[in-house]
Amino acid sequence: MNDTHDIHPRLDLIICPSCDAAFKLEKPAHGERAVCRRCETVLITPRRKAGLQIIAVSLAVLILIVAAAVFPFLSVQAGSVHNSVSILETALAFQDGPLVILSLTTLSLIILIPMARMILSLYVLVPIVRDRPPARHAASAFRLSEALRPWSMAEIFAIGCAVALIKVGQLVDVSFGPAFWMFVVLVVLVVVQDTFICRWSVWNALNKPAKR
């Protein structure tokens, strides 16, 4: 006796990613949103032309990340000594010892991982917005982008630096460079991107059969 059987996905249900509650799928109209009754997590937020907006924001974030890495982040002056440093220069200043691991980890969390998320988002969304079949391995790319989201810490870095440098400012003259303000804009744009994107809509588009 063969106990195996085909398992088909339940396309009429939606599962809350926070509390695992299951609901009958009812797609809201544009401008409305579907919210989990148990934990109030937003499940579906369809918006008109949201894909184009997310692509534009992702491109802007990519440009800001590259610029913020190479432009001066802060300038320090103590008496006649003045120095300015960028994030990339700081990360490459440590060549050995445990500080190398710390600097590389910091660089990954505030530069490399956010950059990877933006590139993955563009890889997934551009074909969808152009009404083309999803790119190869687009589902895996989007899944990886979502997995990296908790590790993208540019906003935490910017806030931590602001607090720390205000305290240091009591000892020396500290001024924020252009890279710091780029990080501020970058943080706002990342929040905007996460607000605009409807993950259900992306998964729904990726699961549609390719047009022939």
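Residues numbered from 1 in each chain as written. Predicted model: local features only at pLDDT ≥ 70, side-chain atom pairs only at ≥ 80, totals over all residues. Heavy atoms only, no water.

Asks: Could you clarify how one ought to interpret a nonpolar patch on the surface in this entry?
Replies: Where nonpolar side chains cluster on the molecular surface, the patch consists of Val70, Phe71, Leu88 and Leu92 and spans about 350 Å² of accessible area. Position of valine 70 relative to the elements: it lies in helix α1 (residues 50-70). (Patch = residues over 30% accessible without salt bridge, like charges linked within 9 Å, V, L, I, M, F, W, Y side chains within 5 Å. Areas by Shrake-Rupley, 256 points an atom, 1.4 Å probe, with all protein chains shown as cover. Salt bridge = Lys/Arg side-chain N within 4 Å of Asp/Glu carboxyl O. Helix = DSSP H or I, 4+ residues; strand = E, 2+ residues; numbered from the N terminus.)

Asks: Could you clarify how one ought to interpret the pattern of salt bridges in this entry?
Replies: Any two side chains of opposite charge can pair, given that their charged atoms come close. Applying the stated criterion across every chain, the model contains four salt bridges. Among the salt bridges present, the one from arginine 117 reaches aspartate 194, with a minimum N-O distance of 3.5 Å. One end of the pair, arginine 117, is in helix α3 (residues 98-129); the other, aspartate 194, is in helix α6 (residues 178-196), and 77 residues separate them in sequence. We classify aspartate 194 as partly exposed; its relative accessible area is 25%. (Buried < 20%, exposed > 50% of the residue type's maximum accessible area, 1.4 Å probe, protein only.)

Asks: Hey, could you run me through the packing of α3 against helix α7 (residues 199-207) in this one?
Replies: Working note: a packed helix pair is described by the angle between its axes plus the distance between those axes. At a minimum axis separation of 11 Å, α3 and α7 run at an interaxial angle of 65°. Judged by the angle between their axes, α3 and α7 are roughly perpendicular. Here α3 runs over α7; the crossing is left-handed. Here Val124, Leu125 and Ile128 of α3 lie close against α7, whose contacting residues are Val202, Ala205 and Leu206. (Axes fitted to C-alpha atoms, helices over the stretch in contact; angles between N-to-C directions. Parallel < 35°, antiparallel > 145°, perpendicular 65-115°, else oblique. Left-handed = near helix turned anticlockwise from the far one by under 90°. Contact = heavy atoms within 4.5 Å.)

Asks: Any chance you could explain the packing of aromatic side chains here in plain terms?
Replies: Given two aromatic rings, one states the distance between the centres and the angle between the planes to describe the pair. Taken as a whole, this structure holds four aromatic pairs when the rule is applied. Where phenylalanine 73 meets phenylalanine 183, the ring centres are 5.9 Å apart and the plane angle is 80°; that geometry is what we call edge-to-face. Highlighted residues: phenylalanine 73 in strand β5 (residues 72-78) and phenylalanine 183 in helix α6, separated in sequence by 110 residues. For phenylalanine 73, a relative accessible area of 4% puts it in the buried group. Taking the relative accessible area as the measure of exposure, phenylalanine 183 reaches 0% and is therefore buried. Centroid distance phenylalanine 142 to tryptophan 203: 5.1 Å. Interplanar angle 75°. Geometry classified as edge-to-face. One end of the pair, phenylalanine 142, is in helix α4 (residues 138-148); the other, tryptophan 203, is in helix α7, with 61 residues separating them in the sequence. Exposure remark for tryptophan 203: the relative accessible area of 25% places this residue in the partly exposed category. Through a chain of ring-to-ring contacts, the aromatic side chains of Phe73, Phe180, Trp181 and Phe183 assemble into a single cluster. (Phe/Tyr/Trp six-rings, centres within 6.5 Å; stacked < 30°, edge-to-face > 60°.)

Asks: What is the right way to read α1 from this model?
Replies: Structural remark: α-helix, 3.6 residues per turn; residues separated by three or four positions point the same way. In a regular helix each residue adds 1.5 Å, so 21 residues correspond to 30 Å; α1 covers 31 Å between its end C-alpha atoms and thus fits that length. All buried positions along α1 are accounted for by Ala50, Ile54, Ile55, Val57, Ser58, Val61, Leu62, Leu64, Ile65, Ala67, Ala68 and Ala69. (Expected span 1.5 Å × (residues − 1).)

Asks: When you look at the packing of α1 against α6 in this model, what are you seeing that I'm missing?
Replies: Two elements in contact, α1 and α6, have axes whose closest approach is 9 Å; the angle formed by their N-to-C orientations is 155°. As summarised for this structure, α1 and α6 are arranged roughly antiparallel, according to the angle between their axes. Here α1 and α6 pass one another in a crossing that is left-handed. Along its contact with α1, which presents Ala50, Gln53, Ile54, Val57, Ser58, Ala60, Val61, Leu64, Ile65, Ala67 and Ala68, the element α6 presents Ala179, Met182, Phe183, Val185, Leu186, Leu189, Val190, Val192, Gln193 and Phe196. The class makeup of the residues in the contact of α1 with α6 is 18 nonpolar, three polar and no charged. (Nonpolar A, V, L, I, M, F, W, Y, C, P; charged D, E, K, R; others polar.)

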